[in-house]
Structure formats: C-alpha cells, structure tokens
Amino acid sequence: MNEKLLEKKLREKVKKLGGLALKFGTTYHTGMPDRIVLMPGGKANFVELKSTGKKPTTLQVKSLELLTDLGFKAVVIDSQESLAQFLNNLIQ
Ligand SMILES: [Mg+2]
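The structure displayed is predicted, hence computed values, not measured ones.

Undergrad: How should I be thinking about the overall build of the chain in this particular structure?
TA: Within the chain one finds three helices and four strands. If you list the helices and strands of the chain from N to C, you get α-β-β-β-α-β-α. For 92 residues, the compact-globule formula gives about 12 Å, and the C-alpha radius of gyration of the chain, at 12 Å, lands near that figure. Principal axes of the C-alpha set define a box for the chain whose edges measure 30 × 30 × 20 Å. Going through the 92 residues of the chain one by one, you find that 35% of them count as buried.

Undergrad: Mind showing me how you'd approach the side chain of serine 63 here?
TA: Structurally, serine 63 can be placed in helix H2 (residues 58-69). Contact partners of serine 63, with chain neighbours within four places excluded, come to His29, Thr30, Gly31, Met32 and Pro33.

Undergrad: Mind showing me how you'd approach the coordination of the magnesium ion here?
TA: Angles between donor atoms at a metal ideally measure 109.5 degrees for a four-coordinate tetrahedral arrangement and either 90 or 180 degrees for a six-coordinate octahedral one. Within the protein, Glu3 (OE), Asp34 (OD), Glu48 (OE) and Leu49 (O) serve as the donor atoms for the magnesium ion, at 2.2 to 2.4 Å. Expressed as a motif, the donor residue spacing for the magnesium ion is E-x30-D-x13-E-L. Placement of glutamate 3 in helix H1 (residues 3-16) and of aspartate 34 in the loop between strand S1 (20-23) and strand S2 (35-39) is noted, with a sequence separation of 31 residues between them. For aspartate 34, a relative accessible area of 18% corresponds to the buried category.

Undergrad: How should I be thinking about the sheet that holds strand S4 (residues 73-77) in this particular structure?
TA: Hydrogen bonds between backbone atoms are what pair the strands of a sheet, whose relative direction is either parallel or antiparallel. With mixed pairing, the four strands of this open sheet are ordered in space as S1-S2-S3-S4. Looking along the sheet, the strands with just one partner apiece sit at the ends: S1 and S4. For this sheet the average axis-to-axis angle between neighbouring strands, irrespective of direction, equals 25 degrees. One ladder, built from five bridges, connects strand S3 (residues 43-49) with S4; its direction is parallel. Its bridge partner being in S4, phenylalanine 46 is matched across the sheet by alanine 74. On top of the sheet, helix H3 (residues 80-90) reaches S2, S3 and S4; it is set at about 155 degrees to S4, its chief contact.

Undergrad: Explain the environment of leucine 6 here, please?
TA: The residue leucine 6 is located in helix H1 in this model. Separated by 39 residues in sequence, leucine 6 and asparagine 45 place their C-alpha atoms 16 Å apart. Sequence-distant contacts of leucine 6, that is, excluding residues within four places in its chain, are made with Met1, Leu49, Lys50, Ile77, Asp78, Ser79, Gln80 and Leu83.

The rules behind these values
- Residues numbered from 1 in each chain as written.
- Predicted model: local features only at pLDDT ≥ 70, side-chain atom pairs only at ≥ 80, totals over all residues.
- Heavy atoms only, no water.
- Helix = DSSP H or I, 4+ residues; strand = E, 2+ residues; numbered from the N terminus.
- Rg over C-alpha atoms; globule rule 2.2 N^0.38 Å.
- Buried < 20%, exposed > 50% of the residue type's maximum accessible area, 1.4 Å probe, protein only.
- Contact = heavy atoms within 4.5 Å.
- Donors = N, O, S within 2.8 Å, 3.2 Å for Na, K, Ca; no water.
- Pairing = 2+ DSSP bridges.
- Axes fitted to C-alpha atoms, helices over the stretch in contact; angles between N-to-C directions.

In structure tokens, the structure reads:
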C-alpha cells in the first residue's frame with residue numbers, strides 16, 4: 001500500500017479512537033518520523049510511514065531509535081497489517 005494512503009488511514013483511525021495524528025515536521029533534525037500520534041491520557045507515539053516494500057533510511061532508523069531510547073513508542077508502518085497492529089497497541 002502507498003505511503004499517502006496509509007497516512008490517511010492512520011489519521012482517520014486515530015481520530016476515531018479519540019486521538020490526533022499530527023504532521024511532525026522538524027526543521028533542524030532530518031529523519032524524524034512523519035507523524036506524532038497523541039492519545040488521551042498524555043500518550044505520545046511516533047510513526048514513520050513507508051509504502052509497502054520501502055525501508056526507512058539510515059537517518060530515519062536513527063531517529064526512531066533516539067525516540068525509543070527516550071521511552072516513546074516509535075514505529076514504522078508500511079502495510080495494512082502493521083497499521084492494524086499499531087492501532088491495536090494504541091488502545092491497550
Ligand atoms: Mg515516510
């Protein structure tokens with residue numbers, strides 16, 4: 001599935017769950033994830049979206065690790081399945 005479509009689905013489904021999936025643009029730190037997903041209760045998650053079959057760049061992997069080390073959930077979504085899994089974890 002194409003990245004833009006996955007991003008649209010993520011945005012819509014997070015909204016239905018009562019959260020926000022905001023564009024996460026950082027001017028001074030390249031490689032940061034595409035979206036920050038904010039959920040009720042003060043939970044923040046980061047998502048790098050990729051078209052199915054595409055891999056995150058080295059910089060993107062490093063940024064995800066940086067966020068994970070800080071204790072955030074930071075994942076790659078590149079398919080319908082990984083989107084479903086992320087949403088499942090979100091509501092648990
Ligand atoms: Mg992306």
